[in-house]
Structures are given as C-alpha cells and as structure tokens.
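Structural overview
Chain by chain, the residues:
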Amino acid sequence: MPNFVKLIHKHRAQDLHPGEEVLGAVCVQPTGRFGRAVAFGDAGAVGSAVADARRKEAEAPDDDSLAARMPGGRLVLAFSRQRFLVFEHSAMSGRPKDLATEYGWDQIGGIELGEGKLKQALTVQFSDESTAVFEVVKSAKPKPFMEAYRALQG
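The shown structure was predicted, so the numbers you read here are calculated from the model rather than taken from an experiment. (Residues numbered from 1 in each chain as written. Predicted model: local features only at pLDDT ≥ 70, side-chain atom pairs only at ≥ 80, totals over all residues. Heavy atoms only, no water.)

1. A look at the environment of Leu 152
Residue position: Leu 152 is located in helix α3 (residues 142-153). Residue classification places Leu 152 among the partly exposed residues on the basis of a relative accessible area of 26%. Other than its neighbours up to four places away in sequence, Leu 152 contacts Leu 23, Phe 79, Ser 80, Arg 81 and Trp 105. (Helix = DSSP H or I, 4+ residues; strand = E, 2+ residues; numbered from the N terminus. Buried < 20%, exposed > 50% of the residue type's maximum accessible area, 1.4 Å probe, protein only. Contact = heavy atoms within 4.5 Å.)

2. Some thoughts on the packing of aromatic side chains
Enumeration over the complete set of coordinates arrives at seven aromatic pairs. Taking the centre distance of 6.1 Å and the plane angle of 70° together, the rings of Phe 84 and Trp 105 count as edge-to-face. In this pair, Phe 84 sits in strand β3 (residues 83-89) while Trp 105 sits in the loop between β4 (96-104) and β5 (108-113), placing the two residues 21 residues apart along the sequence. The pair formed by Phe 84 and Trp 105 is uniform in burial state, with each residue classed as buried. Plain terms: the ring middles of Tyr 103 and Phe 126 are 4.8 Å apart, the flat faces sit at 45° to each other, and that makes the pair tilted. Here the residue Tyr 103 occupies a position in strand β4, and Phe 126 occupies one in strand β6 (residues 119-126), the gap between them amounting to 23 residues. Judged on exposure class, the residue Tyr 103 and its partner Phe 126 are both buried. An aromatic cluster is built from Phe 79, Phe 84, Tyr 103, Trp 105, Phe 126, Phe 145 and Tyr 149, whose rings are joined through pairwise contacts. (Phe/Tyr/Trp six-rings, centres within 6.5 Å; stacked < 30°, edge-to-face > 60°.)

3. As for α3
Compared with the 16 Å implied by 1.5 Å per residue over twelve residues, the 17 Å span of α3 between its first and last C-alpha is a close match. For α3, the full list of buried residues reads Pro 142, Phe 145, Met 146 and Tyr 149. Seen from one end, α3 has its buried residues packed into an arc of 95°, which puts them on one side. Opposite the packed face of α3, turned more than 90 degrees from it, sit the exposed residues Lys 143, Glu 147 and Ala 151. Count one or two residues on from α3 and you reach Gly 154, which has phi positive near 85°. (Expected span 1.5 Å × (residues − 1). Arc of directions from axis to C-beta.)

On their own, these measurements won't tell you what the molecule is for.
Take a look at the structure:
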C-alpha cells in the first residue's frame, strides 16, 4: 500500500492549511467490501463499488449527525494537529482525491481499531455519539495510523 501521508502532501496540498502537516493517513472501505471482493474477484470489487455508492445514496441518513457527513465508498482518513480529514480515494490511480469533508478535533470522540487477521474494523466515534465504521485491510498499515493518533492524543 502507498504512503498516504506523502500522497496527500504531494497531490492534495491545496486542501491543507498553510503550515498544516498530515500526521497519519489510512485507506478504508465500507464494511463487507473485502469479503465480497475475495468471493467474486475483480468483477465483484467493481460491482461492489457501484452497489456501495448506490446504497449509500439511497440510505443517506435523514439526520444531521456528524457521522451522516461521512461519504460512502473507499476513503482516505487522515489527520493533522488541527483537524480530521476525509478524502475520496481513486481506485484507478491509488491517490487521494478531493477533500470530501473535515472535522474539528472537538467533533471527534475517539478512533478505535479492532482485531482481525486480514482486515480490521476502524471506528470513528463522534462527539454527538454517532459512529462511522469502516473496514481496513492489514496491508493498508492501520497500526502506524493508530500509533500517530495515540501520540497526538497524548
């Protein structure tokens, strides 16, 4: 997996505030996507991406929770000392695309990484008690992301 911290600084620097440094970044996907891709190969991954986008659009929450602002599909979650960033992810180039949304640290209640052999659940808890749960494959190196997050939290 690529180093998303470097890719954000290289390809999405225009989305960062002056002097802002990304400390951690990881690529995540909707839960269940990894299993579908394994089961159905590349065709399953492409179909799954389309289905995920359509499902997210159809199931868009009516509420105004912080989790409801989270876009669907593959994403790059990143953070700096100033804020938590959510970029869209390009499956073709592997690069982070547009900055989809951002959160202040006062809006983030915590980030947790579950256990797993090939994939793990990554949960973002928001200050309004809403949550966003993603799947992250171990090859995406979620542990350095979590270590950087813990170091930032003190």
